[in-house]
Amino acid sequence: MPEEARLAELMAAMARRREPHALAMVVETRGSTSAHAGDRALIDAAGTVLLGWVGGGCAEGAVRQAALDGLEDGTPRLIELDLDDEVLGVGMPCGGTMRVFVAPVLPPPTLWIVGHGRVAESLCRIGAELGFRIVVSDVPAPEPDRFPGAEEIIGDDYDFARLQPGRDDSVVIATQHKGDHLSAVRALRSSAGHVAIIASRKRAALMRDFLRDEGFGPAALARLRAPAGLDLGAQAPAEIALSVLAEIVMRRRGGTGTPRDAGASERPAWAEATP
């Protein structure tokens, strides 16, 4: 199999397994270099070159580090490598310079929707449009045709043991009070970046009291968004879902939630996601 096809196949397999990786490509060379423009390498989350070539000892270490840095912050990098300067360059006088573009490939964040109903259905539909991987969890299992955008539907997780969000994931609890206290405990003990409960202000206050009794302190409770969503004056289920997802996007992207012509203000960021 040609290396081009092997590279595409391996990247597709890693994407299916939701494994972060980075693709490095030599975009320009000058002078004497072991790699050439167009050469590529696939690098995993441990910094190992799985396939391809972007140069040997003169360049590989610097490219691997750029890949690790990119996987940490999600930002592509264009790095310049001076292969002719063992002091100011990459450590060995190979002769020449290279420019290498390093692009991190991160799996899309997961939106965990706990519950069912029209708000949950709208969360699934809009969330899929926004590029989230959707997992719906409820008992009994929701009808799949009501959640066509869901990649996974969990219908037998009575104690929420399979609710295992990562730090880039969001959890929205829309169970209409059914087991919301149990799923909230599980979500707050995870590293989820965003935990929200669709509830009235009265129910949200009761939930906070319950969680305090369960031992959650101020830092953990500060991660909880209850009632969920931005104040859009939402009434219809789709509007409520929109307000919840708008808050998730705002916090992920560092937005303010203010009208764009209202001037700049302090930008909120993700709360510290520690169990």
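Above this text sits the structure in question.
Residues numbered from 1 in each chain as written. Predicted model: local features only at pLDDT ≥ 70, side-chain atom pairs only at ≥ 80, totals over all residues. Heavy atoms only, no water.

### A closer look at the sheet that holds strand β7 (residues 133-137)
Spatially, the six strands line up as an open sheet ordered β8-β7-β6-β9-β10-β11, and their pairing is parallel. Here the strands that pair on one side only, and so sit at the sheet edges, are β8 (152-154) and β11 (224-225). In this sheet, β11 lies alongside strand β10 (residues 194-197) in parallel orientation, the contact comprising two bridges. Note on β11: the bridge partner recorded for Ala196 is Arg225. Across the sheet, helix α4 (residues 180-188) is in contact with β6 (110-115), β9 (170-174) and β10; its angle to β9 comes to roughly 175°. (Pairing = 2+ DSSP bridges. Helix = DSSP H or I, 4+ residues; strand = E, 2+ residues; numbered from the N terminus. Contact = heavy atoms within 4.5 Å. Axes fitted to C-alpha atoms, helices over the stretch in contact; angles between N-to-C directions.)

### Focus on the packing of α4 against helix α5 (residues 201-213)
The geometry of α4 relative to α5 is characterised by a closest axis approach of 11 Å and an angle of 60° between their N-to-C directions. Judged by the inter-axis angle, α4 sits oblique to α5. The element α4 and its partner α5 pack so that their crossing is right-handed. Residue-level contacts link Asp180, His181, Ala184, Val185 and Leu188 of α4 to Arg203, Met207, Phe210 and Leu211 of α5. Split into classes, the residues belonging to the contact of α4 with α5 amount to six nonpolar, one polar and two charged. (Parallel < 35°, antiparallel > 145°, perpendicular 65-115°, else oblique. Left-handed = near helix turned anticlockwise from the far one by under 90°. Nonpolar A, V, L, I, M, F, W, Y, C, P; charged D, E, K, R; others polar.)

### Overview of helix α1 (residues 3-16)
Relative to the 20 Å expected for 14 residues at 1.5 Å per residue, α1 spans 20 Å between its end C-alpha atoms, a close match to the ideal helical length. Taken together, the buried positions of α1 are Leu7, Met11, Ala13 and Met14. Along the axis of α1, the buried residues cluster in a sector spanning 160°; they form a single face. Opposite the buried face of α1, by more than 90 degrees, sit the exposed residues Glu9 and Arg16. Elements in contact with the buried residues of α1: β1 (21-30), β2 (40-44), β3 (49-52) and β5 (97-105). Within two residues after α1, Arg18 carries a phi angle of roughly 60°, on the positive side. (Expected span 1.5 Å × (residues − 1). Buried < 20%, exposed > 50% of the residue type's maximum accessible area, 1.4 Å probe, protein only. Arc of directions from axis to C-beta.)

### Examining the pattern of salt bridges
It is possible for side chains of opposite charge to pair when their charged atoms get near one another. Applying the stated criterion across every chain yields a total of 15 salt bridges. Here Arg40 makes a salt bridge to Glu4, at a shortest N to O gap of 2.6 Å. Of this pair, Arg40 sits in strand β2 while Glu4 sits in helix α1, and the two are 36 residues apart along the sequence. Taking relative accessible area as the criterion, Glu4 reaches 53% and is therefore assigned exposed. With a closest N to O distance of 3.1 Å, Arg30 and Glu28 form a salt bridge. By relative accessible area, which is 55% here, Arg30 ends up exposed. Exposure remark for Glu28: the relative accessible area of 24% places this residue in the partly exposed category. (Salt bridge = Lys/Arg side-chain N within 4 Å of Asp/Glu carboxyl O.)

### Section: the pairing of β1
Examined bridge by bridge, β1 and β2 share five bridges and lie antiparallel to one another. Looking across to β2, one finds that Leu23 is bridged to Leu42. Relative to β5, β1 is paired through nine bridges, and the arrangement is antiparallel. Directly across from Thr29, in β5, lies its bridge partner Met98.

### Brief notes about the sheet that holds β1
The strand order across the open sheet formed by five strands is β3-β2-β1-β5-β4, and the pairing between neighbours is antiparallel. In this open sheet, the two strands that pair with only one neighbour each are β3 and β4 (77-82). For this sheet, the mean angle separating the axes of adjacent strands, direction not counted, is 25°. Both β2 and β3 contribute to a ladder of three bridges, which runs antiparallel. Note that in β3 the partner of Ile43 across the bridge is Val49. Where helix α2 (residues 60-73) meets the sheet, it contacts β1, β2, β3, β4 and β5, and its direction lies at approximately 160° from that of β4.

### Examining a nonpolar patch on the surface
There is a patch of nonpolar side chains on the surface, built from Met25, Val27, Leu78 and Phe101 and spanning about 310 Å² of accessible area. Tracing the backbone shows Val27 in strand β1. (Patch = residues over 30% accessible without salt bridge, like charges linked within 9 Å, V, L, I, M, F, W, Y side chains within 5 Å. Areas by Shrake-Rupley, 256 points an atom, 1.4 Å probe, with all protein chains shown as cover.)

### So, the nonpolar core
One finds Leu163, Val171, Ile197, Leu211 and Phe216 to be the most contacted residues of the largest nonpolar core, which totals 24 residues. Listed by contribution, the elements that provide at least two residues to this core are β6, β9, α4, β10, α5 and α6 (218-222). Broken down by element, this core gets its largest block of residues, four residues, from α4. Every residue in contact with Val171, bar those within four places of it in the chain, is listed here: Trp112, Val114, Leu163, Pro165, Ala187, Ala192, His194, Val195 and Ala196. Membership of the second largest hydrophobic core comes to 18 residues, among which are Ile113, Ala228, Val244 and Leu245. (Core = buried A, V, L, I, M, F, W, Y, C linked by side-chain atoms within 4.5 Å.)

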